[in-house]
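# A structural walkthrough
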Amino acid sequence: MTETTESATTERAPRRRSRLRIHRAWIVAAVTFVTIIGGAAFNSLPGLLIEPLNKDFGWTYGEIGLAVSLDMALYGLTAPFAAALMDRFGIRRVVVVALGAVAAGALASVWMTASWQLMLYWGLLVGLGTGSMAMAFSATVTNRWFVARRGLVTGILTAAGASGQLIFLPLCAWIIDRHGWEPASVTVALAALVVVPFVWLLMRDHPADVGLAPYGGTYVEKPAPATGAAARTMRVLFDAARTGPFWLLAGSFAICGASTNGLIRTHFVPSAHDHGMQITAAASLLAVIGVFDIIGTIFSGWLTDRFEARRLLAVYYALRGISLLFLPMLMAPTVHPPMVFFIVFYGLDWVATVPPTLALCREQYGDDSAIVFGWVLASHQVGAALVAFLGGVVRDVTGSYDLVWYAAGALCATAALMALVIRRKGTAPVPAAVR
């Protein structure tokens, strides 16, 4: 009786799929894309609010940078546990709670009067919320719903963060310039809440929930909810930490975070303002990074399906390091062609590292790859957190960001070497029928 039931279920899946013009996996990916945009809206704020908070409350760059660093660290440290919680409670429930936490933190910050409240609202609430919708969320969706086109889908979902930056950076900069920082924080809270109905109504935890096979794969039954999420997350970490590739991936991705979220996203706007550039103009340049980030990340996903991931990583980090070494010479009161070239180039490279890094995690760690990637992402955010804090301290002490740019360029060269020495491991081929 059981075999007959399973056979009938397996046969029903292709017939149901044939009635759909678009595979449900792409709808789930689209909802994931929109969710990441809504959750990432807050990431547009820190670089814009350093100057206003310094002016309104007298908090130092280091104090504000410490709150941003806590947010980034929790973002990363929450990610691996969120991946395990999604296995236990389902994607929908975890993401809805996470969006609520982001909205609560952003909205509560409107009434803060002390720096410890900035740490609580930005650091704790928003850090936990955004961390639950981090790249491990994308990895979980990709692993469950796709067998073919995983690199491309990873690139598209990674680009969602850049899309949020493209949308919210100019908007928040304009709001801050015209109305102050409080309405901008409220806008971010509303953006997170608007996404909730889409997640609840359209997101599904597993292809089997709607009787489908994953895109490019064969039908499988939905696994039972995994218990002991925290224990599993730590076990996966301990197992991965005994392997060399984990430390190379974690170390290089920490440098990735330091040179993007920690450095450019947090300190580019105040650094440009130090050289006389208007905050709205500097924010617009960051938004342009978001435009080319989308292009670069999707293209990187396409390349990852076709070329060796570790070599792609080495090229990305090397080019990023070279560009950072030139940045101090490009700072000026107005936007000029060399700066535009830097912005375009850096945008193409911004998170192009994600698809090959995730591919290497999948290659090395199989079914545990989403959780392993969550820990690798944690290192990314720890690197970002350190530079977000130390960059502010360097600015307080020296009055300039130049030393930070040069140090980040040297770190990127180190990351390129780390990527090259990751050992190779065989991977399963993509089904020819879906290529």
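I will try to describe carefully the structure that is included in this document. All of these numbers come straight from a predicted model, not from anything done at the bench.

### Observations regarding the packing of helix α3 (residues 46-57) against helix α12 (residues 261-274)
Axis angle and axis distance: for two packed helices, these are the angle between their axes and the distance between the axes, and together they describe the pair. Their axes nearest at 7 Å, the elements α3 and α12 cross at an angle of 50°. One way to sum up the angle between α3 and α12 is to call them oblique. Seen from above, α3 lies across α12 with right-handed handedness. For the pair α3 and α12, the contacting residues are G47, L48, I50 and E51 in the first and R265, T266, H267, V269, P270 and H273 in the second. Its residues assigned to classes, the contact of α3 with α12 shows four nonpolar, four polar and two charged.

### Notes on the packing of aromatic side chains
For the coordinates displayed, the defined rule picks out 11 aromatic pairs. Taking the centre distance of 4.9 Å and the plane angle of 70° together, the rings of W26 and F146 count as edge-to-face. With a gap of 120 residues between them, W26 in helix α2 (residues 24-40) and F146 in the loop between α7 (135-145) and α8 (150-179) connect regions that are remote in the sequence. Their ring planes at 25° and their centres at 5.2 Å tell us that F342 and Y346 sit as a pair that is stacked. Linking F342 with Y346, this pair stays in helix α15 (residues 337-349), spanning four residues, or about one helical turn. A relative accessible area of 3% places F342 in the buried class. Taken together, the ring pairs in this structure connect W26, F146 and Y215 into an aromatic cluster.

### Some points on the nonpolar core
With 131 residues, the main nonpolar core has L53, F137, I264, F268 and M339 as its most contacted residues. For this core, the element with the most residues is helix α17 (residues 369-398), which contributes 13 residues. In this structure F137 touches T32, T35, I36, M86, I91, V95, S132 and M203, once residues within four positions along its chain are discounted.

### A closer look at helix α6 (residues 115-132)
For α6, with 18 residues, the first-to-last C-alpha span of 24 Å sits near the 26 Å given by 1.5 Å per residue. Residue V126 marks the point of greatest curvature in α6, where the axis turns by about 35°. Here α6 has its buried residues at Q117, L118, Y121, W122, G123, V126, G127, G129, T130, G131 and S132.

### Looking at the side chain of T260
Within the secondary structure layout, T260 lies in the loop between α11 (244-259) and α12. A relative accessible area of 0% places T260 in the buried class. A polar atom in the side chain of T260 sits 2.7 Å from the backbone oxygen of C256. Contact partners of T260, with chain neighbours within four places excluded, come to R265, R320, Y346, W350 and H380.

### Quick look at the packing of helix α14 (residues 309-330) against helix α18 (residues 402-420)
Where α14 meets α18, the axes come as close as 8 Å, and the angle between the chain directions of the two elements is 165°. One way to sum up the angle between α14 and α18 is to call them roughly antiparallel. You can see that α14 and α18 cross each other, and the crossing is left-handed. Across from R310, L313, A314, Y317, A318, R320, G321, L324, L325, L327 and P328 in α14, the residues of α18 making contact are D402, W405, Y406, A408, G409, C412, A415, A416, A419 and L420. When the residues that make up the contact of α14 with α18 are grouped by side-chain class, the tally is 16 nonpolar, two polar and three charged.

### Comments concerning the layout of surface pockets
Volume-wise, the second largest pocket comes out at about 230 Å³. Lining the second largest pocket are E51, P52, K55, D56, A173, I176, D177, H273, Q278, I279 and T280. Counting residues per element, the ones that place at least two in the lining of the second largest pocket are α3, α8 and α13 (279-304). Here the lining of the second largest pocket is built from residues that sort into four nonpolar, three polar and four charged.

### Here we look at the side chain of T297
Mapped onto the elements of the fold, T297 is located in helix α13. For T297, a relative accessible area of 0% translates into the label buried. Once you skip the residues sitting within four places of it in the chain, T297 turns out to touch G155, T158, A159, V351, A352 and P355.

### Notes on the state of the cysteines
Scanning all chains against the criterion turns up zero disulfides. Looking at the unpaired C361, the closest cysteine sulfur is the one in C256, lying at 12 Å. For C361, a relative accessible area of 0% gives the class buried.

Criteria and thresholds
Residues numbered from 1 in each chain as written. Predicted model: local features only at pLDDT ≥ 70, side-chain atom pairs only at ≥ 80, totals over all residues. Heavy atoms only, no water. Axes fitted to C-alpha atoms, helices over the stretch in contact; angles between N-to-C directions. Helix = DSSP H or I, 4+ residues; strand = E, 2+ residues; numbered from the N terminus. Parallel < 35°, antiparallel > 145°, perpendicular 65-115°, else oblique. Left-handed = near helix turned anticlockwise from the far one by under 90°. Contact = heavy atoms within 4.5 Å. Nonpolar A, V, L, I, M, F, W, Y, C, P; charged D, E, K, R; others polar. Phe/Tyr/Trp six-rings, centres within 6.5 Å; stacked < 30°, edge-to-face > 60°. Buried < 20%, exposed > 50% of the residue type's maximum accessible area, 1.4 Å probe, protein only. Core = buried A, V, L, I, M, F, W, Y, C linked by side-chain atoms within 4.5 Å. Expected span 1.5 Å × (residues − 1). Bend = angle between axes of the 7 residues up to and from the residue. Polar contact = N/O pair within 3.5 Å; in protein donor to acceptor, adjacent residues only side chain to side chain. 1 Å grid on protein atoms, 1.4 Å probe; cavity = no way out; pocket = protein on both sides within 12 Å on 5 of 7 lines; lining within 4 Å. Points joined across faces, edges and corners; volume = space filled by probe spheres on them. Disulfide = S-S within 2.5 Å.

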